[in-house]
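Coordinate inspection notes
Okay, here's what each chain looks like letter by letter:
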Amino acid sequence: MSSDPVKDPIAAWKQPIQTSWRRGLSAFILLFAAAGHGMADSWTDLSSGEKALEAWAIPTGDWFCAASAEPESKNPRMLQAKPGHGILVNGRKGRTDDLITKQKFRDVEIHLEFLIPKGSNSGVKFEGLYEIQILDSFGVKKPKGSDCGGIYPRAEEEPAYHHIDEGIPPSTNAARPAGEWQTMDIIFQAPRFDSKDNKVANARFVKVVLNDQVIHENVEVRTPTGSAWRLKKEMAEGPLLLQGTHGPVAFRNVRIRPYTEGEKPVKP
């Protein structure tokens, strides 16, 4: 039978249907791919807008939203901030409750920017247990795990708080001077557990980037950091924590998204 659409009325009838079907399928595939890409790239903003503190569990202590933050001119160890939105500041005195997200996470990628004044100390804790240190460490020649960007050491609280190991130092000191905004991009994998709640894989920092320099890559963390290594149980998921108890700190552009193993980092 001829396939000429002029000579073959059946072929002539099929051709527009097949063309329409192919176009529809192509459109569906493009739409599905775009939707999937959007889901992978979707970030949750934890620091912007008038209701930024609503993402964090009560109590949020003295944390407040600000439009700007910088060291005080008369006392460079403290921050001064102007009311507004876009920046989270841990109170006028620079010491208050930690910020802990209401939402719990497993494997995540986060981006955040922070500012500390001279001599200050803070940190970012995944699942509230595994800490990347924030510290005024500019100029330190041989950084330790307790310096900025380090995976914080294990510690004991008695008879006085003290480290019992060195933690995991950053591969290079990428810290900027106190009073400047700094950036962190971190990919974290939660520990794995079997059906009987036995841990079968340790937590892992897939990548930590401080001020555009890679300082950790594929680092296994066998226990929680600080005194949590002995006092708190590891879990499959948990909240993100921003430390507010150790000194003045400001955060902005705090964003988080789920991470799939092997996935390339995505700009927020």
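Values in this document were obtained by computation on a predicted structure and should not be read as measured data.

1. With respect to the packing of aromatic side chains
Per the stated rule, a full pass over the model turns up five aromatic pairs. Ring centres 5.0 Å apart and planes at 25 degrees place the aromatic pair F126 and F188 in the stacked group. Within this pair, whereas F126 is found in strand β6 (residues 121-126), its partner F188 is found in strand β10 (residues 182-189), the two being separated by 62 residues in sequence. For F188, a relative accessible area of 0% puts it in the buried group. With 5.5 Å between their ring centres and 35 degrees between their planes, Y130 and F188 make a pair best called tilted. Of this pair, Y130 sits in strand β7 (residues 130-135) while F188 sits in strand β10, and the two are 58 residues apart along the sequence. Across the pair, F188 and Y130 agree in class, each one buried. Pairwise contacts between aromatic rings join F126, Y130, F188 and F205 into one cluster. Positioned above the aromatic ring of F64, the side-chain terminus of R92 is 4.2 Å from the ring centre. Note that R154 overlies the ring of W229, its terminal NZ or CZ placed 4.6 Å from the centroid.

2. Comments concerning the pattern of salt bridges
Evaluation of the coordinates by the stated rule reveals 11 salt bridges. The shortest N-O distance in the salt bridge between K233 and D197 comes to 3.0 Å. Taken together, the residues span a long stretch of sequence, with K233 in the loop between α2 (228-231) and β15 (240-242) and D197 in the loop between β11 (192-193) and β12 (199-201) at a distance of 36 residues. The exposure class of D197 is partly exposed, given its relative accessible area of 45%. Two residues, K207 and E217, come together in a salt bridge whose shortest N-O distance is 3.8 Å. In this pair, K207 is assigned in strand β13 (residues 203-210) and E217 in strand β14 (residues 213-221), connecting sequence segments 10 residues apart.

3. Description of the sheet that holds strand β4 (residues 99-100)
A sheet is described by the order of its strands in space; here four strands give the open sequence β4-β15-β6-β7, paired in antiparallel fashion. Two strands bound the open sheet, and with one partner strand each, they are β4 and β7. Bridge count between β6 and β15: three bridges; the pairing is antiparallel. Residue pairing for β15: K125 is matched across the bridge by L241.

Reading the values: the criteria
- Residues numbered from 1 in each chain as written.
- Predicted model: local features only at pLDDT ≥ 70, side-chain atom pairs only at ≥ 80, totals over all residues.
- Heavy atoms only, no water.
- Phe/Tyr/Trp six-rings, centres within 6.5 Å; stacked < 30°, edge-to-face > 60°.
- Helix = DSSP H or I, 4+ residues; strand = E, 2+ residues; numbered from the N terminus.
- Buried < 20%, exposed > 50% of the residue type's maximum accessible area, 1.4 Å probe, protein only.
- Lys NZ or Arg CZ within 6 Å of the ring centre and 35° of its normal.
- Salt bridge = Lys/Arg side-chain N within 4 Å of Asp/Glu carboxyl O.
- Pairing = 2+ DSSP bridges.

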